[in-house]
Amino acid sequence: MGWIHRDYLHSARIFGCSTCRTHLATIESMISRAFNGQHGRAYLFDRVVNVYSAEPQERQMTTGVHIVRDILCVKCNRVLGWKYDKAFEETQKYKEGKFILERALLTDVD
Amino acid sequence: MSLTNGHGLSPPRKRDVTKVTLPGTALYEGSHIDREEFIRLVIQSLRDVGYTESADVLEAESGYRLESRSVSAFRQAIIQGHWDEAEEAMDRLGAADEDDRQSAKYMISQQKYLELLEAQELNSALTVLRTELAPLSMEPERLQLLSSLLMSTSGEEVRRAAHWDGARGLSRQYLLQDLQCFIPSSIMIPPQRFDTLLQQAREYQRNSCLYHNSNAPFSLYTDHACGRDLFPNTTTVILAEHDDEVWDIQWSHDGGHLATASADGTAIVWRLGPVDPSTGRECTPIQVLRNHPCPVNGLSWSPDNETLLTCADQVIKVWKAKTGVCIKELTGHSDTITAVEWLPDGSGFISAGMDCRIVFWDAQGKKRDTWENLSIRITDIAMDRSRLIAVGISREPVTVDPASLLDSQDRNGRSVPSPTEGQVESTLEDYGEVTSVKISSDSRYALVGHGPNEIQLWDLEDSPHLSRTYIGHRAGKNVIRSCFGGAGQHFVASGSENGKVYIWQRETGILIQTLTGHGSGTVNCVAWNPQHPSMFASCSDDKTIRIWEPQPNGLSLEDTSSKGKQRWDMDSDAMG
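Looking at an unreviewed UniProt entry, one finds chain B named CTLH domain-containing protein, with Sphaerobolus stellatus as its source organism.

Under the annotation held in an unreviewed UniProt entry, chain A carries the name Protein yippee-like and is attributed to Sphaerobolus stellatus. Recorded under Sequence similarities (unreviewed entry), the UniProt text for chain A is reproduced unchanged: "Belongs to the yippee family."

So this is what it looks like as structure tokens:
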């Protein structure tokens, strides 16, 4: 792997990891606030940086079965949410390739 | 007949020399060298050396003269300080252009004026100032300075104030050189012209010598070429003590120790030992510096090689290199520290990081100053005695990657420097980073590692400008630290994401070596030994460090090629 500098985002509002303040996503890439995770409210993002994904697994959600992967902070390794690999129901297809970050694990950074 | 001119010191001699008449104008048949030019350069060299009789004979035999009588008269007039004669001679010699004539006259008058002042002949000096200098002067400030010299009370004071070494110094020689630009070079050959031409030939040969790795002078008798036998292309020892990727390495300034920084959270100090004929280079770990919270990504040896700095995320540790005792742990950054570096005079060190901050510490680890809110997130820094260069990633919301060269004269950090945007280049979004910077030992160049796949050489003289690029290696997302190296820093070396080490000739940018040996992953850093031009080290994701040297055991290239490695022979053939 080598040493890789983390990505730094440019935005008026940047969401970072609440543990280590690593940049994760911007307000511009947020698609929806209407999601729920393990720790309550969660956000759907189009693009998230500085995370790596765990193995894919099938998970039963309120909106049906999905194949998802947990996503972890590259710096502190905390699980921050998940990424949708596949949705089986046509109405849920829009989530594929998108990311969920849990609000309780985010903090505003600059 | 007296042929004395030029230096004209030898007494006239009676000698029967027959002029040789040759056909054509070339030096000899088929030559592109003009005979007259060549012979006059030889005569000039002979006179410069002091072989005046030989020069006289050559002039008589060839019929070519170094200089006409009017040039000799002009030279004599300047050297002896006969200013009126000098002006007349100057008029005879050329300077077709009226402006040139005026400038020449002004320079002669200025010398005359200074010499009069030096001799404290103030009235005469004043006359020269009024009647000769003032009417010709183009620069009022210069004239003001010259007139202020009238207040000087001694010759010594005049010399100091005018930055001029006096009538008995070299000032008349310098004047002669300056005036020479107004005289066609065919009439008065520039000083030491032959030497200049040979120096150019030498420089050409040095630059054509791909593996040049020695500062020793070489002979004019044959074309010069270094063999590969002095070039470090063989791994003489593999250092395998780290448990994870090795990210940074640095030699101590005396070249006797190597410090290595790893993702395993340790740094190791190695002592370079002798070469053993059967086992290769000896290199033993003498200290393991532990207890870093995370990967160690930066190192810096103090100028006296006593103290070693390591940095890991937001912490700097200060170690006694000999004992391995951590004497300080410093915090002052709010994001990853990417570089630490001692000041060249050892009075302290600086750290820089992704928090857009540069912190200045004294040698005891006390914070002296902080520059905050710089316009870049700093990825590396380099320093010499007058300059600090920081490179990084722009904070601004742009989709281009400005490799800002941030240049400051004030390394005490009293003011925030105004960053000069050295270059703004379109690169792929989120791809392409400036990951390393080094300054050459002559302070003239900066070597900037620039993703993707490029290392840039910046000329820092005047306004910084891109001088050359080195390509061939692979550098995308990884931080790869490249370096200058070899005798006269003749090479540029870098790691690569494909596990190889790349070495270019600095001057031409020609890729001369691609060295394999490291396992898969990235070669993260290459460091040339500052005392041994034929040795460098590389470190890799494969958890090892390799030391590269010429083939040991007196196993010369001939030995290798005779065993059938034909590719070695290519250069030997070219050497002739």
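Further notes follow.
A. Just the overall build of chain A, in detail. Check the secondary structure of chain A and you find zero helices and 10 strands. Along the chain direction, N to C, the helices and strands of chain A fall in the order β-β-β-β-β-β-β-β-β-β. For chain A, the C-alpha radius of gyration of 14 Å lies close to 13 Å, the compact-globule estimate for 110 residues. Along the first, second and third principal axes, the C-alpha atoms of chain A reach 35 × 30 × 20 Å. When burial is assessed residue by residue, chain A has 45% of its 110 residues classed as buried. Restricting to contacts in chain A with at least 6 residues of sequence separation, those with at least 24 account for 43%. About 5,600 Å² of surface is accessible on chain A, with carbon and sulfur atoms providing 46% of the total. Counting 16 positive and 13 negative side-chain charges, chain A places the averaged centre of each group 4 Å from the other.

B. Quick peek at the pattern of salt bridges. Residues and elements named next belong to chain B. The final tally for this structure, using the stated rule, is 25 salt bridges over all chains. A salt bridge links Glu 67 to Arg 75; the shortest N-O distance between them is 2.1 Å. The burial state of Glu 67 is the same as that of Arg 75; both residues are buried. Here Arg 172 makes a salt bridge to Glu 115, at a shortest N to O gap of 2.8 Å.

C. Main features of the packing of aromatic side chains. As enumerated under the stated definition, the model contains 16 aromatic pairs over all chains in all. Ring plane angle 75 degrees and centroid distance 6.3 Å describe the contact between Tyr43(A) and Phe45(A), whose orientation is recorded as edge-to-face. Of the two residues, Tyr43(A) and Phe45(A), neither departs from the other in class, the shared state being buried. Members of the aromatic cluster, each reached through a chain of ring pairs, are Tyr211(B), Phe231(B), Phe491(B), Trp528(B), Phe536(B) and Trp548(B). The lysine or arginine in question, Arg33(A), covers the ring of Tyr43(A), its NZ or CZ lying 5.4 Å from the ring centre. Between the NZ or CZ atom of Arg202(B) and the centre of the ring of Phe218(B), over which it lies, the distance is 5.5 Å.

D. Expanded view of the sheet that holds strand β19 (residues 434-439) of chain B. Residue and element names in this part refer to chain B. Strand order across the open sheet formed by four strands is β19-β20-β21-β22, with antiparallel pairing between neighbours. Only two strands of the sheet have a single partner each, and these edge strands are β19 and β22 (465-470). Neighbour to neighbour, the strand axes of the sheet diverge by 25 degrees on average, direction disregarded. Strand direction decides the pairing type here: strand β21 (residues 454-459) and β22, joined by five bridges, are antiparallel. Looking across to β22, one finds that Trp 458 is bridged to Leu 466.

E. Geometry of the side chain of His66(A). On the secondary structure map, His66(A) appears in strand β7 (residues 64-73). At 3.4 Å, the side chain of His66(A) forms a polar contact with the side chain of Lys95(A).

F. Structural detail: the environment of Cys311(B). Residues and elements named next belong to chain B. By the element assignment, Cys 311 lies in strand β7 (residues 307-312). Look at Cys 311 and you get buried, because its relative accessible area is 0%. Residues Cys 311 and Pro 295, 16 residues apart in the sequence, show an inter-C-alpha distance of 8.7 Å. Non-local contacts of Cys 311, meaning those with residues more than four positions away in its chain, are made with Pro 295, Val 296, Asn 297, Gly 298, Ile 316, Ile 337 and Val 340.

G. Broad picture of the packing of helix α5 (residues 98-118) of chain B against helix α7 (residues 140-148) of chain B. Residues and elements named next belong to chain B. Two elements in contact, α5 and α7, have axes separated by 11 Å at closest approach and are oriented at 20 degrees. In this view, α5 runs roughly parallel relative to α7, as classed from their interaxial angle. The two elements α5 and α7 meet at a crossing, and its hand is left-handed. Packed against α5, whose contacting residues are Tyr 106, Gln 110, Tyr 113 and Leu 114, the element α7 presents Arg 142, Leu 146 and Ser 147 at the interface.

H. Focus on the pairing of strand β8 (residues 79-87) of chain A. Residues and elements named next belong to chain A. Where β7 meets β8, seven bridges bridge the pair, whose relative direction is antiparallel. Its bridge partner lying in β8, Val 68 is registered against Tyr 84. Linking β7 back to β8 in an antiparallel pair, the connection comprises five residues, with Asn 77 at a positive phi of about 65 degrees. Summarising the sheet, β8 and strand β9 (residues 99-102) pair through three bridges and their orientation is antiparallel. In the sheet register, Gly 81 faces β9, and the bridge partner there is Leu 101.

I. Structural view of the interface of chain A and chain B. Taken together, the contacts link 13 residues of chain A with 26 residues of chain B. Summed over both partners, the interface of chain A with chain B comes to about 1,600 Å²; 51% of that surface belongs to carbon and sulfur atoms. It is Trp3(A), His5(A) and Tyr8(A) in chain A that bury the most area against chain B; as a group they hold 49% of the surface buried on that side. If you look at where chain A meets chain B, you find two salt bridges. Linking chain A to chain B there are seven residue pairs in polar contact (both at pLDDT 80 or more). In terms of residue class, the side of chain A that touches chain B is built from four nonpolar, four polar and five charged.

J. Here's a closer look at the sheet that holds strand β8 (residues 315-320) of chain B. All names here are of chain B. Pairing within the open sheet is antiparallel, and its four strands lie in the order β6-β7-β8-β9. Sheet topology places β6 (298-301) and β9 (325-331) at the edges, where each strand pairs with a single neighbour. Looking at each pair of strands side by side, their axes are set apart by 20 degrees on average, direction ignored. Here β8 pairs with β9 via six bridges, running antiparallel. Each residue of the ladder has a partner; that of Ile 316, found in β9, is Leu 330.

K. A negative patch on the surface, seen in detail. Together, Asp84(B), Glu85(B), Glu88(B) and Asp91(B) make up a negatively charged patch on the protein surface. With respect to the secondary-structure elements, Asp91(B) resides in helix α4 (residues 83-93).

What counts as what
Residues numbered from 1 in each chain as written. Chains lettered and ligands numbered in written order. Predicted model: local features only at pLDDT ≥ 70, side-chain atom pairs only at ≥ 80, totals over all residues. Heavy atoms only, no water. UniProt positions renumbered as here; feature names shortened; annotations may be inferred. Helix = DSSP H or I, 4+ residues; strand = E, 2+ residues; numbered from the N terminus. Rg over C-alpha atoms; globule rule 2.2 N^0.38 Å. Buried < 20%, exposed > 50% of the residue type's maximum accessible area, 1.4 Å probe, protein only. Contact = heavy atoms within 4.5 Å. Areas by Shrake-Rupley, 256 points an atom, 1.4 Å probe, with all protein chains shown as cover. Lys, Arg positive; Asp, Glu negative; His and termini not counted. Charge placed at Lys NZ, Arg CZ, Asp CG, Glu CD. Salt bridge = Lys/Arg side-chain N within 4 Å of Asp/Glu carboxyl O. Phe/Tyr/Trp six-rings, centres within 6.5 Å; stacked < 30°, edge-to-face > 60°. Lys NZ or Arg CZ within 6 Å of the ring centre and 35° of its normal. Pairing = 2+ DSSP bridges. Axes fitted to C-alpha atoms, helices over the stretch in contact; angles between N-to-C directions. Polar contact = N/O pair within 3.5 Å; in protein donor to acceptor, adjacent residues only side chain to side chain. Parallel < 35°, antiparallel > 145°, perpendicular 65-115°, else oblique. Left-handed = near helix turned anticlockwise from the far one by under 90°. Buried area = accessible area lost by both parts, 1.4 Å probe. Nonpolar A, V, L, I, M, F, W, Y, C, P; charged D, E, K, R; others polar. Patch = residues over 30% accessible without salt bridge, like charges linked within 9 Å, V, L, I, M, F, W, Y side chains within 5 Å.

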